[in-house]
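Summary of structural features
Take a look at the letters that make up each chain.
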Amino acid sequence: MKTLAALFFLLAATGAAAQTTLLNVSYDPTRELYQEYNAAFARHWQAKTGDKVTIRQSHGGAAKQARAVIDGLDADVVTLALAYDIDEIADKAKLIPADWQKRLPHNSAPYTSTIVFLVRKGNPKNIRDWDDLAKPGIGVVTPNPKTSGGARWNYLAAWAYALKKNGNNDAGAKDFVAAIYRNVPVLDSGARGSLTTFLERGIGDVFLSWENEAFLAIKELGPDRVDIVVPSLSILAEPPITLIDKVADRKGTRKVAEEYLRFWYTPEAQEIAARNFYRPIDPKVAAKYARQFVKVDLIKIDDVFGGWQKAQKTHFADGGVFDQIYLKK
Amino acid sequence: MSAAVLKRRSVLPGFELALGFTLLYLSLIVLIPLSATLAKTLTMSWEAFWAAVSAPRVLASYRLSFGASLIAAAINAVFGLVVAWVLVRYKFPGKKLIDALVDLPFALPTAVAGIALTAIYAGNGWIGSLLEPLGVKVAFTPLGVLVALVFIGLPFVVRTVQPVLEDLEPELEDAAATLGADRWQTFRRVILPAVLPALLTGFALAFARAVGEYGSVIFIAGNMPMVSEITPLLIITKLEQYDYAGATALAVVMLATSFLLLLLINYLQWRSRRTSATS
């Protein structure tokens, strides 16, 4: 058995050496998405050039993954949850140019998502919008935005709603968001842990979720346990992708890696995104899946918060607004 | 220490070689990584260091981390001693099985332990659903942290005390009884002095393990700022913010505190050994 395994490993290794291999470092919930996308791209690349390409995947918390790349993980491309993590790769390790996000269309985000509410079946507490989350007696489950990239979108979506409601008054928004976080009984370190707390431990009445994760939860659990509620306003979550220039140049994989990213902007790949519950950016594909994705007023992080760097510094850095919410008691 | 002590002849040769190897090995495995931590901290100014390690949230986490670890180690010292005593002194069916059970917290991946504990202590779990009506919440409170730390620390006490108890002949207790000692006196004057050094070692190991524990605790703690955040979680939080220096600053404080506490325990152990040797 052991020899067999060794032999298999040897074969796999020699087989891989004869063709190009890319490493895509991604965040946690994109496993299924990239499984499908990688297979499609391998077919596309072979049809176009006759060469074989294998894509290896690495998944984990977005910040952990970015840190691995900064510390020397040989990623040809990264596909992470938010631009801030990729900014850090540019800033700390100088592996990519600072204006990396302008290199591909749509802020380098070929698929998007948003934040929705996952509530218990039948919505017994009648949760309709962000105001309901701030009411006393409602349990809100969301991960800690300081450890979870995804949870930062949740927080900022709530903030954006509060700003609009209070006529762009920061103090009012802070009180509103603080009221929501007073209703949070558990701050897990990551999104999947939070979902477990909500579903398996039965804690809370509403779980703030990425839309694609919410659909995935319903797909896996069946439709009889939870419902999706779409609030009146939410945030446009843009998980960006980029080439890691220095690694790709060193490995000589730039051409195929660039094509790997550009392939996202084809109708075929956009269909894959939509099938995996990410909102496609291609208008035709979006029209086809319009029934799946409820139309909602989506604000952009650049418009309301002046970009990720600024949002991070104001809200999530040590001593930032999120810390202040918990310190004044 | 005189040269004569160092040069004392032993049956087996190779003292210099063994000492050299020990120093090299400890440097590679322990000292170099620790000094890298320290070196990263030295990139901070004193003010930045102080601000990082004395923020209110951080102070609250020290209280929880060190407080819960000390209490958990104390609980384990008492009940671990009982478990070891039962395993050594009595014969009963299934003893081998129970003996093996003690090691499970060693072997189990800590995340699995954390998830399992959370599942049974949450409001809808087996134990949690019994405690909740009584107003006792375990999961997602500091009490949950304590439960997890007791769980992972148990084998350390049992496994250090057990061999000492095995060496302690039951005849000693009989002798004490014939000399007129009552049960409490036998325990207090005969058994306890003999096992105390081992018990303190077990306590120290359980404590050290608990202070550094991350995997099992984060699932059950609830991780609320100022209430149920352990220091290792704040270190991870700082890493997620790419604040390497801040993370190592907290690590240095934890290391220094743990080292001082362990030194104190070693001193107590040395004293108890001396008193048990002279009495």
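Everything in this summary refers to the structure shown in the same document. Just so it is clear, the structure is predicted and the values come from calculations on it, not from any experiment.

**Description of the overall build of chain B**
Across its full length, chain B carries 14 helices and zero strands. Principal-axis analysis of the C-alpha atoms gives chain B an extent of 65 × 65 × 30 Å. By residue count, 39% of the 279 residues in chain B fall in the buried class. Sequence separation of 24 or more characterises 74% of the internal contacts of chain B that already satisfy a separation of 6 or more. Just so you have it, chain B exposes about 15,700 Å², and 72% of that area is on carbon and sulfur atoms. Seen as two clouds, the 20 positive and the 16 negative side-chain charges of chain B have centres 5 Å apart.

**Re the overall build of chain A**
Broken down by element type, chain A carries 16 helices and 11 strands. Computed over C-alpha atoms, the radius of gyration of chain A comes to 21 Å, within 12% of the 20 Å expected from 2.2 N^0.38 for 329 residues, which places it in the range of a compact globule. Taking the principal axes of its C-alpha atoms as reference, chain A extends roughly 60 × 45 × 45 Å. Every one of the 329 residues in chain A was classed for burial, and the buried ones make up 56%. Residue pairs in contact within chain A that sit at least 24 positions apart in sequence constitute 74% of those at least 6 positions apart. Carbon and sulfur atoms provide 55% of the accessible area of chain A, an area that totals close to 14,200 Å².

**With respect to the interface of chain B and chain A**
Listed as interface residues are 23 residues of chain B and, on the opposing side, 32 residues of chain A. When the two sides are added together, the surface that chain B and chain A hide from each other amounts to roughly 2,400 Å², 53% of it contributed by carbon and sulfur. Among the residues chain B hides against chain A, the three largest losses belong to E240, Q241 and Y242 of chain B. Together they make up 32% of the total. Here chain B is connected to chain A by four salt bridges. Counting residues per element, the ones that place at least two in the side of chain B that touches chain A are α4 (56-89), α7 (110-121) and α13 (231-240) of chain B. Taken together, the residues of the side of chain B that touches chain A break down into 12 nonpolar, six polar and five charged.

**A look at the layout of surface pockets**
Approximately 570 Å³ is the volume attributed to the largest pocket. Around the largest pocket, the lining is made up of 34 residues, and of these D28, S148, S189, G190 and A191 of chain A lie nearest the centre. Where the lining of the largest pocket is concerned, the elements lending two or more residues are α3 (62-70), α6 (149-165), α8 (191-199), β6 (206-210) and α9 (211-221) of chain A together with α12 (215-221) and α13 of chain B. For the lining of the largest pocket, the per-class residue count stands at 15 nonpolar, 13 polar and six charged. Estimates place the volume of the second largest pocket at around 400 Å³. What lines the second largest pocket is a set of 18 residues, among which T112, L236, R279, P280 and L298 of chain A lie closest to the centre. Of all the secondary structure elements, the ones that give two or more residues to the lining of the second largest pocket are β10 (279-280) and α13 (283-288) of chain A. Partitioned by chemical class, the residues of the lining of the second largest pocket number 11 nonpolar, three polar and four charged.

**Points about the packing of aromatic side chains**
All names here are of chain A. For the structure on display, the rule yields 31 aromatic pairs over all chains. Arranged with centres 4.9 Å apart and planes meeting at 90°, the rings of F117 and W130 form a pair that is edge-to-face. With F117 in strand β4 (residues 111-120) and W130 in helix α5 (residues 130-133), this pair connects stretches of sequence that are 13 residues apart. A relative accessible area of 0% places W130 in the buried class. Grouped by ring-pair contacts, the aromatic residues Y34, Y37, F41, W45, Y111, Y260, F263, W264 and Y278 constitute a single cluster. R120 extends its terminal NZ or CZ atom over the ring of F198, reaching a point 4.0 Å from the ring centre. Looking at R152, its charged tip hangs above the ring of F316, at a distance of 5.8 Å from the centre.

**Focus on helix α9 (residues 142-167) of chain B**
Spanning 26 residues, α9 of chain B covers 39 Å between terminal C-alpha atoms, matching the ideal 38 Å at 1.5 Å per step. When the local axis directions of α9 of chain B are compared, the greatest deviation, roughly 40°, occurs at G153 of chain B, which is followed within four positions by the proline P155 of chain B.

**A few points about the side chain of T237 of chain B**
Tracing the chain through its elements places T237 of chain B in helix α13. Judged by relative accessible area, T237 of chain B falls into the buried class, the value being 2%. Of the polar contacts made by the side chain of T237 of chain B, one reaches the backbone oxygen of L233 of chain B; its length is 2.7 Å. Excluding its chain neighbours within four sequence positions, the residues that come into contact with T237 of chain B are K146 and T147 of chain A.

Scoring rules and cut-offs
Residues numbered from 1 in each chain as written. Chains lettered and ligands numbered in written order. Predicted model: local features only at pLDDT ≥ 70, side-chain atom pairs only at ≥ 80, totals over all residues. Heavy atoms only, no water. Helix = DSSP H or I, 4+ residues; strand = E, 2+ residues; numbered from the N terminus. Buried < 20%, exposed > 50% of the residue type's maximum accessible area, 1.4 Å probe, protein only. Contact = heavy atoms within 4.5 Å. Areas by Shrake-Rupley, 256 points an atom, 1.4 Å probe, with all protein chains shown as cover. Lys, Arg positive; Asp, Glu negative; His and termini not counted. Charge placed at Lys NZ, Arg CZ, Asp CG, Glu CD. Rg over C-alpha atoms; globule rule 2.2 N^0.38 Å. Buried area = accessible area lost by both parts, 1.4 Å probe. Salt bridge = Lys/Arg side-chain N within 4 Å of Asp/Glu carboxyl O. Nonpolar A, V, L, I, M, F, W, Y, C, P; charged D, E, K, R; others polar. 1 Å grid on protein atoms, 1.4 Å probe; cavity = no way out; pocket = protein on both sides within 12 Å on 5 of 7 lines; lining within 4 Å. Points joined across faces, edges and corners; volume = space filled by probe spheres on them. Phe/Tyr/Trp six-rings, centres within 6.5 Å; stacked < 30°, edge-to-face > 60°. Lys NZ or Arg CZ within 6 Å of the ring centre and 35° of its normal. Expected span 1.5 Å × (residues − 1). Bend = angle between axes of the 7 residues up to and from the residue. Polar contact = N/O pair within 3.5 Å; in protein donor to acceptor, adjacent residues only side chain to side chain.

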